[in-house]
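# Fold and contact review
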Amino acid sequence: MADLTTKYLGLTLRNPIVVASSGLTNSVDDIVELDKNGAGAVVLKSIFEEQILLEAAHSLKKAQKDGMIYAEYSETLDYIDEHIKEKELGSYLDLIREVKSKVMIPVIASVNCISAREWTTFARQIENAGADALELNIFVMPFNFDANSIEKEQVYYDIVNKVKELVSIPVSIKISPYFANLGRVITRLEEHGADGVVMFNRFASPDIDINALKVTSAEVLSHPFEIANSLRWVAIMAKHLKMDIAASTGIHDGEAVIKQLLAGATVTQMASAIYKNGPDHIVTVLKFVNDWMEKHGYNYIDQFRGKLSQGKMEHPEVYERMQFMRYFSEIK
Ligand SMILES: Cc1cc2nc3c(=O)[nH]c(=O)nc-3n(C[C@H](O)[C@H](O)[C@H](O)COP(=O)(O)O)c2cc1C
């Protein structure tokens, strides 16, 4: 048997298959099942900044009623959506505690956030509840066309600074590929203290039903071909980063896991493939990785990790080729 042990965010994982933040990681029973099937680690379903602010606002209202002076904080109510339920923070912390008491694998909590505001104090409670690390899913939709990209990117660095100040567990940042200067943003996240980067989040997208003339939702689950963009950027960024890289999006089987490790990923995150095939898909993926390593004479992952990253390539430009001239000339 090959040794699949992997270090991610300073934690020791028995293998590089991390179950991505999703509905798969929202209950103790489901996580126990993922653990039984061999997951290397799990990222819990995200709690949203707005949920945290909602409960904070609820406490503030009570504080105001009790004659305490916190009125200025009520601006946080701007964020609150009527569908967001209260009392979820306590449940989230309970989930962390209970999962930690039931499984040995690392448990990474997740917050979906858009600012470095008051929600950040909750990060400390997440740490105290026993989470091994914290993944921050940050995406600020660039609706405000008046702000320039530097201002928009600053939000990401402010969040990293603030959260790293508050917690001592490792913090990884889950980002989208949609930045004017993606590579620089990622290197700056590291400069600001991020311990890892998750490349990339995949968004819920709109679609249009041309018969019903309605806006609908595009497919929730990914397809294997969607790995391409993450693979390119993992390969490009590997030589520029000391922090860990978690590859995400379109990783559906053992072959995809090996591709991402060869590109330089520290771990691979998987959601859609487990939704489609069930938790025992992890067993199949692990067997494939093990068999491939044995076939190629690798005893452990660091022997081949990053072997096909851009920094190690004789022709590094293969990862930079974006236009179609060559393909057009080859396709008759
Ligand atoms: C049903 C569903 C729920 C998700 N919920 C979250 C979430 O709460 N937080 C988060 O960071 N990502 C969430 N994601 C995104 C996944 O973590 C992952 O980044 C994305 O699905 C791409 O990986 P995949 O191709 O393996 O599915 C969700 C994905 C799905 C399909």
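Just so it is clear, the model here is predicted, and its values are computed rather than measured.

Our next topic: the site of the ligand. Looking at the ligand, there are 19 residues lining it, with Ser21, Ser46, Asn137, Ser222 and Ser272 nearest. Interatomic distance of 3.0 Å between a side-chain N/O atom of Lys45 and an oxygen atom of the ligand. One of the side-chain N or O atoms of Ser248 is found 3.2 Å from an oxygen atom in the ligand. Bound to the protein, the ligand loses 88% of the 610 Å² it would expose on its own. In terms of residue class, the shell around the ligand is built from six nonpolar, ten polar and three charged.

Attention now moves to the pattern of salt bridges. Taken as a whole, this structure holds ten salt bridges when the rule is applied. Ionic pairing is found between Asp94 and Arg97, a salt bridge with its closest N-O pair at 2.9 Å. Placement of both Asp94 and Arg97 in helix 3 (residues 88–102) is noted, with a separation of three residues, approximately one turn of the helix. Looking at Asp94, the relative accessible area reads 44%, which means it is partly exposed. A salt bridge links Glu191 to Arg188, with the nearest nitrogen and oxygen atoms 3.8 Å apart. Placement of the pair is Glu191 and Arg188 together in helix 6 (residues 182–191), with a separation of three residues, close to one helical turn. Residue Glu191 is classed as exposed on the basis of its relative accessible area, which comes to 61%. Look at Arg188 and you get partly exposed, because its relative accessible area is 22%.

Cut-offs and rules
- Residues numbered from 1 in each chain as written.
- Predicted model: local features only at pLDDT ≥ 70, side-chain atom pairs only at ≥ 80, totals over all residues.
- Heavy atoms only, no water.
- Near = heavy atom within 4 Å.
- Polar contact = N/O pair within 3.5 Å; in protein donor to acceptor, adjacent residues only side chain to side chain.
- Areas by Shrake-Rupley, 256 points an atom, 1.4 Å probe, with all protein chains shown as cover.
- Nonpolar A, V, L, I, M, F, W, Y, C, P; charged D, E, K, R; others polar.
- Salt bridge = Lys/Arg side-chain N within 4 Å of Asp/Glu carboxyl O.
- Helix = DSSP H or I, 4+ residues; strand = E, 2+ residues; numbered from the N terminus.
- Buried < 20%, exposed > 50% of the residue type's maximum accessible area, 1.4 Å probe, protein only.

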